[in-house]
Amino acid sequence: MKNIKMSMRILFALLFITNIVSAANWKAKHVILIGLDGWGSYSVKQADMPNTKKMMDEGSYTLKKRSVFPSSSVENWASMFMGVGPELHGYYTDGGAGWRAPLIEPRVRNKDGVFPTVFSLLREACPKAEIGSIYQWEGIQSFIDTTAISFCRQAPPEESVACDMTVKYIKEKKPALLFLYWINPDDIGHDKGWYTPDYYREINILDGYIGKIVDALKECGIMDDTIIIITSDHGGTGRGHSGSTLLEMETPFIICGKDIRKGHVIEGSMMQYDVAATVAAIFNLKQPQVWVGRPMTEVFVK
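About the thresholds
- Residues numbered from 1 in each chain as written.
- Predicted model: local features only at pLDDT ≥ 70, side-chain atom pairs only at ≥ 80, totals over all residues.
- Heavy atoms only, no water.
- Helix = DSSP H or I, 4+ residues; strand = E, 2+ residues; numbered from the N terminus.
- Rg over C-alpha atoms; globule rule 2.2 N^0.38 Å.
- Buried < 20%, exposed > 50% of the residue type's maximum accessible area, 1.4 Å probe, protein only.
- Contact = heavy atoms within 4.5 Å.
- Areas by Shrake-Rupley, 256 points an atom, 1.4 Å probe, with all protein chains shown as cover.
- Lys, Arg positive; Asp, Glu negative; His and termini not counted.
- Charge placed at Lys NZ, Arg CZ, Asp CG, Glu CD.
- Salt bridge = Lys/Arg side-chain N within 4 Å of Asp/Glu carboxyl O.
- Pairing = 2+ DSSP bridges.
- Core = buried A, V, L, I, M, F, W, Y, C linked by side-chain atoms within 4.5 Å.
- Polar contact = N/O pair within 3.5 Å; in protein donor to acceptor, adjacent residues only side chain to side chain.
- Axes fitted to C-alpha atoms, helices over the stretch in contact; angles between N-to-C directions.
- Parallel < 35°, antiparallel > 145°, perpendicular 65-115°, else oblique.
- Left-handed = near helix turned anticlockwise from the far one by under 90°.
- Patch = residues over 30% accessible without salt bridge, like charges linked within 9 Å, V, L, I, M, F, W, Y side chains within 5 Å.

**Observations regarding the overall build of the chain**
Next up, step 1: A tally of regular secondary structure across the chain gives 12 helices and eight strands.
Next up, step 2: For the chain, whose C-alpha radius of gyration is 19 Å, the value lies close to the compact-globule estimate of 19 Å for 302 residues.
Next up, step 3: The principal-axis extents of the C-alpha atoms in the chain amount to approximately 70 × 45 × 35 Å.
Next up, step 4: Every one of the 302 residues in the chain was classed for burial, and the buried ones make up 54%.
Next up, step 5: Once local pairs closer than 6 in sequence are excluded, the contacts in the chain between residues at least 24 apart make up 71%.
Next up, step 6: A total of about 13200 Å² of accessible surface is found on the chain, and carbon and sulfur atoms cover 54% of it.
Next up, step 7: With 33 positive and 34 negative side-chain charges, the chain shows a spacing of 9 Å between the two charge centroids.

**Considerations on the pattern of salt bridges**
Next up, step 1: The final tally for this structure, using the stated rule, is six salt bridges.
Next up, step 2: Arginine 109 serves as the salt-bridge partner of glutamate 105, at 2.9 Å between the closest nitrogen and oxygen.
Next up, step 3: Salt-bridge contacts for aspartate 198 lead to arginine 201; the nearest nitrogen and oxygen are separated by 3.1 Å. In this pair, aspartate 198 and arginine 201 are both assigned in helix H10 (residues 197-219), three residues apart and thus about one turn of the helix distant.
Next up, step 4: You can call aspartate 198 partly exposed: its relative accessible area is 30%.
Next up, step 5: Residue class for arginine 201 comes out partly exposed when judged on its relative accessible area of 47%.

**With respect to the pairing of strand S5 (residues 177-182)**
Moving residue by residue along a regular strand, the side chains alternate between the two faces of the sheet.
Next up, step 1: The buried fraction of S5 amounts to six of the six residues, a majority that puts the element mostly inside the structure.
Next up, step 2: With burial as the criterion, each face of S5 is covered, one bearing Leu177, Phe179 and Tyr181 and the other bearing Leu178, Leu180 and Trp182.
Next up, step 3: With six bridges joining them, strand S1 (residues 30-36) and S5 adopt parallel strand pairing. Counted as the bridge partner of isoleucine 34 is leucine 180 from S5.
Next up, step 4: For strand S3 (residues 131-135) and S5, the ladder comprises four bridges, and the chain directions are parallel. When the sheet's bridge partners are listed, serine 133 is paired in S5 with phenylalanine 179.

**Some details on the nonpolar core**
Next up, step 1: Grouped together as the largest cluster of nonpolar side chains are 52 residues, with contacts concentrated most on Phe119 and Phe143.
Next up, step 2: Per-element tally for this core: the top contributor is helix H4 (residues 73-82), with six residues.
Next up, step 3: Once residues lying within four places of it in the same chain are set aside, the contact partners of phenylalanine 143 are Val74, Trp77, Ala78, Phe81, Met82, Tyr91, Trp99, Thr117 and Trp137.
Next up, step 4: Counting 37 residues, the second largest nonpolar core, distinct from the first, contains Ile32, Ile134, Cys163 and Cys256.

**Topic: the environment of proline 86**
Next up, step 1: Here proline 86 shows up in helix H5 (residues 86-89).
Next up, step 2: Classification of proline 86 as buried rests on a relative accessible area of 7%.
Next up, step 3: Taking the C-alpha atoms as reference points, proline 86 and serine 72, 14 residues apart in sequence, are found 11 Å from one another.
Next up, step 4: Here proline 86 is in contact with Val68, Phe69, Glu75, Ser79, Tyr91, Tyr92 and Ile104, once residues within four sequence places are set aside.

**Observations concerning unusual backbone geometry**
Residues apart from glycine generally show negative phi values, whereas peptide bonds are mostly found in trans.
Next up, step 1: Cis geometry is found at the peptide bond from phenylalanine 69 to proline 70, where omega equals 0 degrees.
Next up, step 2: Of note, proline 70 is situated in the loop between strand S2 (60-66) and H4.
Next up, step 3: One non-glycine residue, aspartate 145, lies in positive phi territory at about 65 degrees.
Next up, step 4: In the Ramachandran plot, aspartate 259 falls in the positive-phi region, its phi being about 60 degrees despite a non-glycine side chain.
Next up, step 5: Among the structural elements, aspartate 259 can be located in the loop between strand S7 (250-257) and strand S8 (264-265).

**Remarks on the side chain of asparagine 76**
Next up, step 1: Within the secondary structure, asparagine 76 is located in helix H4.
Next up, step 2: Looking at asparagine 76, its side chain comes within polar contact range of the side chain of glutamine 272, at 3.2 Å.
Next up, step 3: Apart from residues no more than four positions distant in its own chain, asparagine 76 is found in contact with Ser67, Val68, Pro70, Ser71, Asp233 and Gln272.

**A few points about the packing of helix H8 (residues 159-173) against H10**
Next up, step 1: Packing of H8 against H10 brings their axes to within 9 Å, and their N-to-C directions diverge by 15 degrees. One finds that H8 runs roughly parallel with respect to H10. In the packing of H8 onto H10, the handedness of the crossing is right-handed. Along the contact surface, H8 presents Glu159, Ser160, Cys163, Thr166, Val167, Ile170 and Lys171, while H10 presents Glu202, Ile205, Leu206, Tyr209, Lys212, Ile213, Ala216, Leu217 and Glu219.

**Considerations on a nonpolar patch on the surface**
Next up, step 1: Together, Tyr92, Leu103 and Ile104 make up an exposed nonpolar region whose accessible area comes to about 270 Å².
Next up, step 2: In this structure, isoleucine 104 sits in the loop between H5 and helix H6 (118-125).
Next up, step 3: With relative accessibility at 43%, the residue isoleucine 104 sits in the partly exposed group.

Structure below.
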């Protein structure tokens, strides 16, 4: 019995030390990744987004990040988290249950039987890290690897509820990594049309909630050690997407916060799977050999 207790103490001590060593090598202690489904780059020029545009001024950004093909949610959220395209992670819209499971066999699977995500990489490197996800579309669960998530909640359709859930979670848990997902731009695009007054109105509403999340980070004292990323899976045209036009394939990538270059327009080419690689670089995570994503190192001050 004494040997068992001693072994458990040693194990917990090793886990504690592992977390401390890992965190010491991070560029920031907290990353807030915000995803707006269906938010195309073209809208940034027209939309009233004071909070988001302030982050562009105070951070780095590109409006030329390209989606993988086709420019649909399934392929692109999976690619954003998994560091590769659908040819390797296997998720592809097939008109049926393609977002619940890979359509083709993933090239590799981790110990939990899923393709390695940036969430699972962080969990393996730092077992006690607080990792969260708040989302409106249940399909997101298929791509984030829920086995690696500490706090995983689906929010109702109201944008404000997702914001309130996020603010509460940030203040209570101060997560190392949080992914917040709003579906509403995509819903408005399909219903009223992309780049319509209704679409721009929705973008403005979400920008206000982004401002509240920034306020929460400041209120709980972690803003100075946080990196915020705002991005999207695809844009749209007319009342649809999935095609090969730049209106559908170009999405914003905005990053600001600790040790991020200010007022910098990203010069390098960026693809959807480079988001995972960039988040991994913030946490000093070793990329799996199968990943093809490249971290956008030019955004870092050092």
